[in-house]
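For reference, the chains in residue letters:
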Amino acid sequence: MAHYVDGFVLPVPKKNINAYRRMAQKAGKVWREHGALEFRECVGDDLNVKMGLPFPRGIKIKPGESVVFSWIVYKSRDHRDRVKTRKVMKDRRIAQMPKTMPFDVKRMMYGGFKTIVEA
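In this report, we go over the structure that sits alongside the text. (Residues numbered from 1 in each chain as written. Predicted model: local features only at pLDDT ≥ 70, side-chain atom pairs only at ≥ 80, totals over all residues. Heavy atoms only, no water.)

## Re the overall build of the protein chain
At step 1: What the protein chain contains, in helices and strands, is four helices and four strands.
At step 2: Reading the helices (α) and strands (β) of the protein chain from amino to carboxyl end gives β-α-β-α-β-α-α-β.
At step 3: In terms of overall dimensions, the protein chain is globule-like: its C-alpha atoms have a radius of gyration of 15 Å, near the 14 Å expected for 119 residues.
At step 4: For the protein chain, the spread of C-alpha atoms along the three principal axes comes to 40 × 35 × 20 Å.
At step 5: Relative to its 119 residues, the protein chain shows a buried fraction of 35%.
At step 6: Contacts in the protein chain between residues far apart in sequence, at least 24 positions, make up 86% of those at least 6 positions apart.
At step 7: For the protein chain, the computed accessible surface area is about 8200 Å², with 57% contributed by carbon and sulfur atoms.
At step 8: Taking the average place of the 26 positive charges on the side chains of the protein chain and the average place of its 12 negative ones, the gap between the two points comes to 5 Å. (Helix = DSSP H or I, 4+ residues; strand = E, 2+ residues; numbered from the N terminus. Rg over C-alpha atoms; globule rule 2.2 N^0.38 Å. Buried < 20%, exposed > 50% of the residue type's maximum accessible area, 1.4 Å probe, protein only. Contact = heavy atoms within 4.5 Å. Areas by Shrake-Rupley, 256 points an atom, 1.4 Å probe, with all protein chains shown as cover. Lys, Arg positive; Asp, Glu negative; His and termini not counted. Charge placed at Lys NZ, Arg CZ, Asp CG, Glu CD.)

Next comes the structure, spelled out in structure tokens:
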């Protein structure tokens, strides 16, 4: 069975990376407890690439920002919907997270993806 992945690309001010990491660690624990198979948060390291459209240009980072690339793996889309909507979003630990995020939510890129290759 192919897995389902929620993917995110977000601009995060470099001064907020540690705050973002702390928030993501808490969120990751909740997602995993409720059934997510993987929860990954990665900060840009080698972004000055020559081929394609580099993430910084694609998300239009501003001076002092970096890019965070994240994904959450589920068994299926239905599993994602059960984990995210019926469990995670109702978990009090998520409700207690700060309303002000350490990144610009309006510039966050997000989508759900069906896996077509698992090697």
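## Things to note about the sheet that holds strand E4 (residues 109–114)
At step 1: Sheet architecture is open: four strands sit in the order E2-E3-E1-E4, paired in antiparallel fashion. Looking along the sheet, the strands with just one partner apiece sit at the ends: strand E2 (38–43) and E4. In this sheet, neighbouring strand axes are inclined to one another by 15° on average, regardless of whether the strands run parallel or antiparallel.
At step 2: Sheet topology note: the strand E1 (residues 4–13)/E4 ladder contains six bridges and is antiparallel. When the sheet's bridge partners are listed, Tyr-4 is paired in E4 with Lys-114.
At step 3: Across the sheet, helix H1 (residues 17–33) lies against E1, E2 and strand E3 (65–74), angled at about 170° from E2, the strand it touches most. (Pairing = 2+ DSSP bridges. Axes fitted to C-alpha atoms, helices over the stretch in contact; angles between N-to-C directions.)

## Examining the nonpolar core
At step 1: In terms of nonpolar packing, the biggest core is built from 20 residues, with Leu-10, Tyr-20, Trp-31, Ile-72, Tyr-74 and Ile-94 touching the most fellow members.
At step 2: Those elements giving two or more residues to this core turn out to be E1, H1 and E3.
At step 3: When neighbours within four sequence positions are excluded, Tyr-74 is seen to be in contact with His-3, Tyr-4, Asp-6, Trp-31, Ala-36, Leu-37, His-79, Arg-80 and Val-83. (Core = buried A, V, L, I, M, F, W, Y, C linked by side-chain atoms within 4.5 Å.)

## Points about H1
At step 1: The end-to-end C-alpha separation of H1 is 24 Å, in line with the 24 Å expected for 17 residues at 1.5 Å each.
At step 2: Among the residues of H1, Tyr-20, Met-23, Ala-24, Ala-27, Gly-28, Val-30 and Trp-31 are the ones counted as buried. Looking straight down H1, one finds that the buried residues subtend no more than 160° of arc, so they occupy a single side. Within H1, the exposed residues directed more than 90 degrees away from the buried face are Gln-25, Lys-26 and Lys-29.
At step 3: Elements that come into contact with the buried residues of H1 comprise E1, E2, E3, helix H3 (77–87) and helix H4 (92–95).
At step 4: Following H1 by one or two positions, Gly-35 adopts a phi angle in the positive range, close to 120°. (Expected span 1.5 Å × (residues − 1). Arc of directions from axis to C-beta.)

## What about H3?
At step 1: His-79, Arg-80 and Val-83 are the residues of H3 that are buried. The buried side chains of H3 occupy one side of the element, clustering within an arc of 105° when seen end-on. Set apart from the buried face of H3 by more than 90 degrees, the exposed residues are Arg-77 and Arg-86.

## Thoughts on unusual backbone geometry
At step 1: Residues other than glycine seldom take positive phi values, yet Lys-60 does so here, at roughly 55°.
At step 2: One can find Lys-60 in the loop between helix H2 (55–58) and E3.

The analysis is restricted to geometry; functional conclusions fall outside its scope.
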